[in-house]
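Examining the three-dimensional arrangement
Residue strings, one per chain:
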Amino acid sequence: MPLYQYPCCKNKIIVLIGKTSGTPLKRWYLERHVKDLASLPDMREYRANMLSEQTLNCLTQETNGDDPYGVAAVDEIKGPDWNAIRHLYEEARILGAYRVTEYMIRELHTDRPVGMRTPEIKRIAMLTKPEGVTHEEAMTYWLERHPAFCFRHHSGMASYSQNHIDELLTENSIPLDGFPILTYWKEDAFRFGHFSMKDSRKLMLEDCRHFRSTSFVITVDEYIMKQEGV
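Residues numbered from 1 in each chain as written. Predicted model: local features only at pLDDT ≥ 70, side-chain atom pairs only at ≥ 80, totals over all residues. Heavy atoms only, no water.

1. Regarding the overall build of the chain
Scanning the chain from N- to C-terminus turns up seven helices and eight strands. A buried classification covers 52% of the 230 residues belonging to the chain. Put simply, of all contacts in the chain between residues at least 6 apart along the chain, 85% involve residues at least 24 apart. By element, 49% of the accessible surface of the chain is carried by carbon and sulfur atoms, the whole surface being about 11,700 Å². Side-chain charges of the chain comprise 29 positive and 33 negative groups, with the mean position of each set lying 4 Å from the other. (Helix = DSSP H or I, 4+ residues; strand = E, 2+ residues; numbered from the N terminus. Buried < 20%, exposed > 50% of the residue type's maximum accessible area, 1.4 Å probe, protein only. Contact = heavy atoms within 4.5 Å. Areas by Shrake-Rupley, 256 points an atom, 1.4 Å probe, with all protein chains shown as cover. Lys, Arg positive; Asp, Glu negative; His and termini not counted. Charge placed at Lys NZ, Arg CZ, Asp CG, Glu CD.)

2. Concerning the packing of helix α5 (residues 146–153) against helix α7 (residues 200–208)
It is the contact of α5 with α7, at a shortest axis distance of 10 Å, that shows an interaxial angle of 165 degrees. Comparing the axis directions of α5 and α7 gives the class roughly antiparallel. Handedness of the crossing formed by α5 with α7: left-handed. Counting all contacts with α5, which are made through His146, Phe149, Cys150 and His153, the residues of α7 involved are Ser200, Leu203, Met204, Asp207 and Cys208. Here the residues of the contact of α5 with α7 sort into five nonpolar, three polar and one charged. (Axes fitted to C-alpha atoms, helices over the stretch in contact; angles between N-to-C directions. Parallel < 35°, antiparallel > 145°, perpendicular 65-115°, else oblique. Left-handed = near helix turned anticlockwise from the far one by under 90°. Nonpolar A, V, L, I, M, F, W, Y, C, P; charged D, E, K, R; others polar.)

3. Quick look at the packing of aromatic side chains
Considering all chains together, one arrives at seven aromatic pairs under this definition. Centroid distance Tyr141 to Phe211: 6.4 Å. Interplanar angle 25 degrees. Geometry classified as stacked. Linking Tyr141 in helix α4 (residues 135–144) with Phe211 in the loop between α7 and β8 (214–226), this pair joins segments that are 70 residues apart in sequence. Assigned by exposure class, Tyr141 and Phe211 land together as buried. Each member of the aromatic cluster is reached from another via a ring pair, and the members are Tyr141, Trp142 and Phe211. (Phe/Tyr/Trp six-rings, centres within 6.5 Å; stacked < 30°, edge-to-face > 60°.)

4. Structural notes on the environment of Glu222
The residue Glu222 is located in strand β8 in this model. The sequence separation of Glu222 and Arg117 amounts to 105 residues, and the corresponding C-alpha distance is 5.5 Å. When residues no more than four places from it in sequence are discounted, the contact partners of Glu222 are Arg47, Ala48, Asn49, Met116, Arg117, Thr118 and Lys122. Looking at Glu222, its side chain comes within polar contact range of the side chain of Lys122, at 2.6 Å. (Polar contact = N/O pair within 3.5 Å; in protein donor to acceptor, adjacent residues only side chain to side chain.)

5. Details of the sheet that holds strand β5 (residues 121–128)
Pairing is antiparallel in the closed barrel, where eight strands are placed in the order β1-β3-β2-β8-β5-β7-β6-β4. Going from strand to strand, the sheet's axes swing by 30 degrees on average, the running direction of each strand aside. Contacting β1 (8–18), β2 (45–51), β3 (71–78) and β8, helix α1 (residues 25–38) crosses the sheet at an angle of about 175 degrees to β2. Seen against the sheet, α5 touches β4 (94–106) and β6 (157–168) and runs at an angle of roughly 155 degrees to β6. (Pairing = 2+ DSSP bridges.)

6. Regarding the pattern of salt bridges
Evaluation of the coordinates by the stated rule reveals 17 salt bridges. The salt bridge partner of Glu167 is Arg99, with a shortest N-O separation of 3.0 Å. Highlighted residues: Glu167 in strand β6 and Arg99 in strand β4, separated in sequence by 68 residues. Under the relative-accessibility criterion, Glu167 is labelled partly exposed at 36%. A residue is classified by how much of its surface remains accessible, and Arg99, at 26% relative accessible area, is partly exposed. A salt bridge links Glu187 to Arg191, with the nearest nitrogen and oxygen atoms 3.1 Å apart. With Glu187 and Arg191 both in helix α6 (residues 187–193) and four residues apart, the pair spans about one turn of that helix. (Salt bridge = Lys/Arg side-chain N within 4 Å of Asp/Glu carboxyl O.)

7. Section: the nonpolar core
Ile17, Tyr29, Leu37, Tyr46, Ile77 and Tyr89 are the most contacted members of the largest nonpolar core, which has 26 residues in total. Those elements giving two or more residues to this core turn out to be β1, α1, β2, β3, α3 (82–85) and β8. Among the elements that take part in this core, α1 stands out by supplying six residues, more than any other. Apart from residues no more than four positions distant in its own chain, Leu37 is found in contact with Met43, Tyr46, Asp75, Ile77, Ile85, Leu88 and Tyr89. (Core = buried A, V, L, I, M, F, W, Y, C linked by side-chain atoms within 4.5 Å.)

8. Details of unusual backbone geometry
A positive phi angle, close to 65 degrees, is found at Asn11, a residue other than glycine. You can call Asn11 partly exposed: its relative accessible area is 45%.

Okay, here's the thing in structure tokens:
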């Protein structure tokens, strides 16, 4: 069992939407898609994430990396099941749909109006496990051992969740094992608090080898379209 019992949400859905060369994706996504999803009667929480167009000096190639998949938007959904929402993606190029268990390592509670872009820097990583390690072994280490490193070496984070993939919901989903999702208060919090100490990068990389092989990161603009209790 983990040292701490983190808040857990089962049956969360994460959908990766790919870039397209035809229909203006941003207009379809922000003007139609997110509103249709948010209006579903059984939607409890919905976070829409669009690939950020901001140019931040702190997000260099060294920290951001290249996304080989071409992700343009990410939906985080709590409430409806996949069969109830898949028709809302008929106009999109789906790169993957996943049923996950979310563990909230550090929570951020706000009372901002729904639909507005959140001001924090949000980064979503697409993680695969190392060879020779089972999915269960990798996820157990990630949950039980890694958070202590994050609190010490990612001191600038405002929130951090681990999303462990339980099921691929489409046949052609990119084979992944999890989604680390972190937000940072502002640019300086990321610049100086992503690796908080002189040896943070080295120690984090050593620890990550136990549960990840690759981790491609995108920076997104987040829109909280539905919150539980709101």
